Protein chains: 2
Amino acid sequence: MGNYFGKGTINLDNAPSVLSYASAVGPKEGEGPLADYFDYIGEKADFGEESWEKAEVILQKNAFRAALEKGQLAETDISFIFAGDLLNQCTGSAYGIRDFDIPFVGLFGACSTMAESLALASIFVESGLADNAAAMTSSHFCSAERQFRFPVNYGGQRTPTSQWTATAAGCVVVAPRKDPPYIKSATFGKVTDMGVKDVNNLGGAMAGAAYETISAHLTNTKQNIYDFDMILTGDLGKVGSGLLIDLFKKDDVDIANIHADCGMMLYKFEEQDVHSGASGCGCSASVLCGLILKRITEGKLKNVLFTATGALMSPTMIQQSESIPAVAHAVHISGE
Amino acid sequence: MGNYFGKGTINLDNAPSVLSYASAVGPKEGEGPLADYFDYIGEKADFGEESWEKAEVILQKNAFRAALEKGQLAETDISFIFAGDLLNQCTGSAYGIRDFDIPFVGLFGACSTMAESLALASIFVESGLADNAAAMTSSHFCSAERQFRFPVNYGGQRTPTSQWTATAAGCVVVAPRKDPPYIKSATFGKVTDMGVKDVNNLGGAMAGAAYETISAHLTNTKQNIYDFDMILTGDLGKVGSGLLIDLFKKDDVDIANIHADCGMMLYKFEEQDVHSGASGCGCSASVLCGLILKRITEGKLKNVLFTATGALMSPTMIQQSESIPAVAHAVHISGE
């Protein structure tokens, strides 16, 4: 049974298993370096739908259905879905899940949602409060751009610090302890504000939250960075990853060789013109549910501290001269 | 320890206690019939802030601080805050919690958030995953109106089915079992869509979700409506409450005498011109954290099935001719 380590960290003694996982992405992600790892790659970014929001709904449905299929599960095997996304009112999740007869726990953690949902699903399963639980999130470049910045066809210039919102979704099904990967512990982060007001530098806004949550997790679990093969952040991109490494240097900790960032893994940097890298809930979700969980399952990675980071950026608050708060949640996923 | 009853229902064997609770409201709510029960009533709806969104942030801060004070708690006594609100990117919560050094689990359940957050906080405490946990939500008439419908100073006519978004927040602190009120069980609802497309009839959009969740809770816990003094819905208002009663009549169940609705309790109907009643996350939050928990503590109410209802209404999806999905979550709060 789980227990509280203090300061946001929960230890899952009887670590539950990742029973199944799946990813669904758009054409640009399907041309990136991780193409071989995705379960569904759409030919067109609208997936045949008449709006970008409805296209994002398709991503969640496809990721969920693929996760069920890969786990040989029926809809009725899932006790709860923990999900959220970037769209206002989390419509990607609400409309995505509407067709399924499954209790829905709606989350908002922006791009931290994959870790938040995975942590909650794991806690429910480990505590005996669910048979199997699904964790899911998505993002879509076009629905996010027009909501947070400019209409897509406006064609605005993108700054060097900007990141490309991934058109992608990921779904993990957590089940009572059986085979690896296991979910061993999780840390929920606090809201951290670096004072960044630039909506084109979300990596910078999130680096502090990543630092706080990773530090808290290591301190609370009495671990250090060498207990992990990989400390994997969500979507800090080039700029945010650099800042994170600098923040740890102040503690005389060099995480550069152990740190990886989903935002730097999804696209071919130069060729695909993504500036500081990828972002969006679907970025860390698809990298986790594409490459990372596969590598853990194959035994190629042993211990990953998956730390998804969310910029809680509101265009309304930005217009009111506010800075961008961020949050990060960490989940220790282990192959042993 | 808790266990899973199936179909969304969790039983909390070692039912945790409501250690403290508090509410904060605006001037209109302070002129309503429940005025004596609120901990903070602002003189002006802007609470001295320069925007409606920042005013909503003040509501959450005041509710949280009042809950700490009433429970003689320090910030460090709270292991987690579970919170969300109606604003895009849940800014009422993110900016409200930013000043506190407490792990944050962000939620989106629209007006179901008070029940969702209370259920999760109770589950964490009962499972030993938190010492004390806070559940919180808010809404503000002016920030909600301009986000979901029209700018406030547009002065648009309101339809008879429309509801008045409460300017209010509520916060509950859940602690390990000691004195009543106790949180005995909870049911997370599924996304339910009645096909309603009218953004001025959210009570109608939510009635089906309330029916599904209350029915599931009763079936899964093998209880009937007479096991409760009160089945309290969140903010169905007059129209939605009538529909809920009709839906139960089809099952030959007459809930009219046991049912109450927070949306029908917050204002003086005729005098305050609120049409179908109150709505907003803060409606059920302030009625629960004002009147209801006090009456349970005093022994005047024994068993309440608090069922907050959320219309997952997105203006973007409405513009795309979509209907409004809804969700409801139920929490059994008991004085014995």
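Residues numbered from 1 in each chain as written. Chains lettered and ligands numbered in written order. Predicted model: local features only at pLDDT ≥ 70, side-chain atom pairs only at ≥ 80, totals over all residues. Heavy atoms only, no water.

Explain the pattern of salt bridges here, please?
Proximity of charged atoms lets side chains of opposite charge pair with each other. Under the definition given, this model contains 24 salt bridges over all chains. With its nearest N and O atoms 2.7 Å apart, the salt bridge here joins Lys294 of chain A to Glu298 of chain A. Residue Arg146 of chain B is joined to Glu53 of chain B by a salt bridge in which the shortest nitrogen-to-oxygen separation is 2.4 Å. Of the two residues, Arg146 of chain B is situated in helix α5 (residues 141-148) and Glu53 of chain B in helix α2 (residues 52-70); the sequence distance between them amounts to 93 residues. A residue is classified by how much of its surface remains accessible, and Arg146 of chain B, at 37% relative accessible area, is partly exposed. (Salt bridge = Lys/Arg side-chain N within 4 Å of Asp/Glu carboxyl O. Helix = DSSP H or I, 4+ residues; strand = E, 2+ residues; numbered from the N terminus. Buried < 20%, exposed > 50% of the residue type's maximum accessible area, 1.4 Å probe, protein only.)

Would you mind going over the state of the cysteines with me for this structure?
Two cysteines whose sulfur atoms are joined by a covalent bond form what is called a disulfide. All names here are of chain A. Scanning the model with the defined rule gives zero disulfides over all chains in all. Just so you know, Cys142 is unpaired, no disulfide at all, and the nearest cysteine sulfur is the one on Cys281, 16 Å from it. Since its relative accessible area comes to 9%, Cys142 is described here as buried. The closest cysteine sulfur to the non-disulfide-bonded Cys283 is located on Cys262, 5.5 Å from its own sulfur. Residue class for Cys283 comes out buried when judged on its relative accessible area of 0%. (Disulfide = S-S within 2.5 Å.)

What should I look at first to understand the relation of the copies chain A and chain B in this one?
Turning one copy of the chain about an axis and sliding it along that axis gives the other copy, so a rotation and a shift relate them. Between chain A and chain B, the superposition needs a rotation of 180 degrees and an axial shift of 0.0 Å, giving an RMSD of 0.0 Å. Those values place the two copies in the arrangement expected of a two-fold rotation axis. For chain A, the minimum C-alpha distance to the rotation axis belongs to Leu107 of chain A and amounts to 2.0 Å. (Least-squares fit on C-alpha atoms with pLDDT ≥ 70 in both.)

I would appreciate a short explanation of the confidence of the model for chain A in the present structure.
Low pLDDT marks stretches whose predicted atomic positions should not be read closely. Confidence along chain A averages 97 in pLDDT terms, with 100% of residues attaining 70 or more. This prediction of the complex comes with two scores: 0.98 for pTM and 0.98 for ipTM. (pLDDT = per-residue confidence, 0-100.)

What is the right way to look at helix α7 (residues 237-249) of chain A in this model?
Because an α-helix packs 3.6 residues into every turn, residues spaced three or four apart end up facing the same way. All names here are of chain A. Between its first and last C-alpha atoms α7 spans 18 Å; for 13 residues at 1.5 Å apiece the expected length is 18 Å, and the two agree. When we look at burial in α7, the residues that qualify are Gly237, Gly240, Ser241, Leu244, Ile245 and Phe248. With its buried residues spanning 140 degrees around the axis, α7 presents them on a single face. In this structure, the buried residues of α7 make contact with α6 (202-220), β12 (230-233) and β13 (259-261). (Expected span 1.5 Å × (residues − 1). Arc of directions from axis to C-beta. Contact = heavy atoms within 4.5 Å.)

Would you mind going over the nonpolar core with me for this structure?
As a rule of thumb, soluble globular proteins bury nonpolar side chains together. If you look at the biggest cluster of nonpolar residues, it comprises 132 residues, and the most contacted ones within it are Phe64, Ile78 and Ile81 of chain A together with Phe64, Ile78 and Ile81 of chain B. Apart from residues lying up to four places away in sequence, Phe64 of chain B is in contact with Ile78, Ile81, Phe100, Ile102, Ala134, Met136 and Cys171 of chain B. (Core = buried A, V, L, I, M, F, W, Y, C linked by side-chain atoms within 4.5 Å.)

Which parts of the structure should I look at to understand the packing of helix α2 (residues 52-70) of chain A against helix α5 (residues 141-148) of chain A?
The packing of two helices is summarised by the inter-axis angle and the distance between the axes. Residue and element names in this part refer to chain A. Two elements in contact, α2 and α5, have axes separated by 8 Å at closest approach and are oriented at 135 degrees. When the axis of α2 is compared with that of α5, the two are oblique. The chirality of how α2 crosses α5 is left-handed. Side by side, α2 and α5 meet where Trp52, Glu53 and Glu56 of the first sit next to Cys142, Ser143 and Arg146 of the second. Grouping the constituent residues of the contact of α2 with α5 by class yields two nonpolar, one polar and three charged. (Axes fitted to C-alpha atoms, helices over the stretch in contact; angles between N-to-C directions. Parallel < 35°, antiparallel > 145°, perpendicular 65-115°, else oblique. Left-handed = near helix turned anticlockwise from the far one by under 90°. Nonpolar A, V, L, I, M, F, W, Y, C, P; charged D, E, K, R; others polar.)

Explanation requested: the interface of chain A and chain B in the structure shown.
The accessible area lost on association of the parts is a frequent measure of interface size. Taken together, the contact pairs 59 residues of chain A with 59 residues of chain B. In total, about 4900 Å² of surface goes out of reach between chain A and chain B, with carbon and sulfur atoms giving 63% of it. Our count for the chain A to chain B interface comes out at six salt bridges. A salt bridge links Arg98 of chain A to Glu322 of chain B; the nearest nitrogen and oxygen atoms lie 3.1 Å apart. On the surface where chain A and chain B come into contact, there are 25 residue pairs in polar contact (both at pLDDT 80 or more). Of the residues belonging to the side of chain A that touches chain B, the class tally is 30 nonpolar, 18 polar and 11 charged. (Buried area = accessible area lost by both parts, 1.4 Å probe. Polar contact = N/O pair within 3.5 Å; in protein donor to acceptor, adjacent residues only side chain to side chain.)

Would you explain the side chain of Ser138 of chain B in this entry?
Residue and element names in this part refer to chain B. Inspection of the secondary structure puts Ser138 in strand β7 (residues 133-139). At a separation of 2.8 Å, a polar atom in the side chain of Ser138 contacts the side chain of Glu56. A polar contact of 2.9 Å, which involves the side chain of Ser138, links it to the side chain of Gln60. Not counting residues within four places of it along the chain, the set of residues in contact with Ser138 comprises Glu56, Gln60, Gly84, Asp85, Leu86, Ala168, Ala169, Cys281 and Gly282.

Could you clarify how one ought to interpret the pairing of β12 of chain A in this entry?
Taken residue by residue, a regular strand's side chains alternate between the two faces of the sheet. All names here are of chain A. Here β12 shows two buried faces, one formed by Met230 and Leu232 and the other by Ile231 and Thr233. Pairing analysis gives four bridges linking β12 to strand β15 (residues 303-311), with the strands arranged parallel. Looking at β15, one finds that Leu232 is bridged to Phe306. Across three bridges, β12 lies against β13 in parallel orientation. Paired with Leu232 across the two strands is Ala260, which belongs to β13. You can see the chain leave β12, run along α7 and come back into β13, and the turn it takes is right-handed. (Pairing = 2+ DSSP bridges. Right-handed = clockwise from strand over helix to strand, strands pointing away.)

Explain the pairing of strand β1 (residues 3-6) of chain A to me, please; I cannot follow it from the model alone.
All names here are of chain A. Inspection of the sheet shows β1 paired to strand β2 (residues 9-11) by three bridges, in the antiparallel sense. Across the sheet, Asn3 pairs through a bridge with Asn11, a residue of β2. The antiparallel hairpin formed by β1 and β2 contains two residues in its connecting segment, where Lys7 sits at a positive phi of about 50 degrees.

Which parts of the structure should I look at to understand the packing of α6 of chain A against α7 of chain A?
Residue and element names in this part refer to chain A. Here α6 crosses α7 at 40 degrees, and the two axes come no closer than 8 Å. By the angle between their directions, the pair α6 and α7 is classed as oblique. Handedness of the crossing formed by α6 with α7: right-handed. Between α6 and α7, the residues in contact are Gly203, Gly204, Ala207, Gly208, Ala210, Tyr211, Ile214 and Ser215 and Gly240, Leu243, Leu244, Leu247 and Phe248, respectively.

I'm lost on the environment of Ala210 of chain B in this one. Help?
All names here are of chain B. Within the secondary structure layout, Ala210 lies in helix α6 (residues 202-220). The exposure class of Ala210 is buried, given its relative accessible area of 0%. Between the C-alpha atom of Ala210 and that of Leu312, which follows or precedes it by 102 residues, the distance is 13 Å. Beyond its immediate sequence surroundings of up to four residues, Ala210 is in contact with Thr233, Leu236, Leu244, Thr309 and Ala328.

Would you mind going over unusual backbone geometry with me for this structure?
For residues that are not glycine, phi is negative in most cases, and the peptide bond is trans in most cases. Cis geometry is adopted by the peptide bond preceding Pro181 of chain A, which originates at Pro180 of chain A and carries an omega value of 0 degrees. In the Ramachandran plot, Cys90 of chain A falls in the positive-phi region, its phi being about 45 degrees despite a non-glycine side chain. Considering the arrangement of structural elements, one finds Cys90 of chain A in the loop between β5 (80-85) and α3 (91-97). For Cys90 of chain A, a relative accessible area of 4% gives the class buried. For Asp273 of chain B, which is not a glycine, the phi torsion comes out positive at approximately 55 degrees. Inspection of the secondary structure assignment puts Asp273 of chain B in the loop between α8 (269-272) and β14 (278-279). The exposure class assigned to Asp273 of chain B is partly exposed, which follows from its relative accessible area of 48%.

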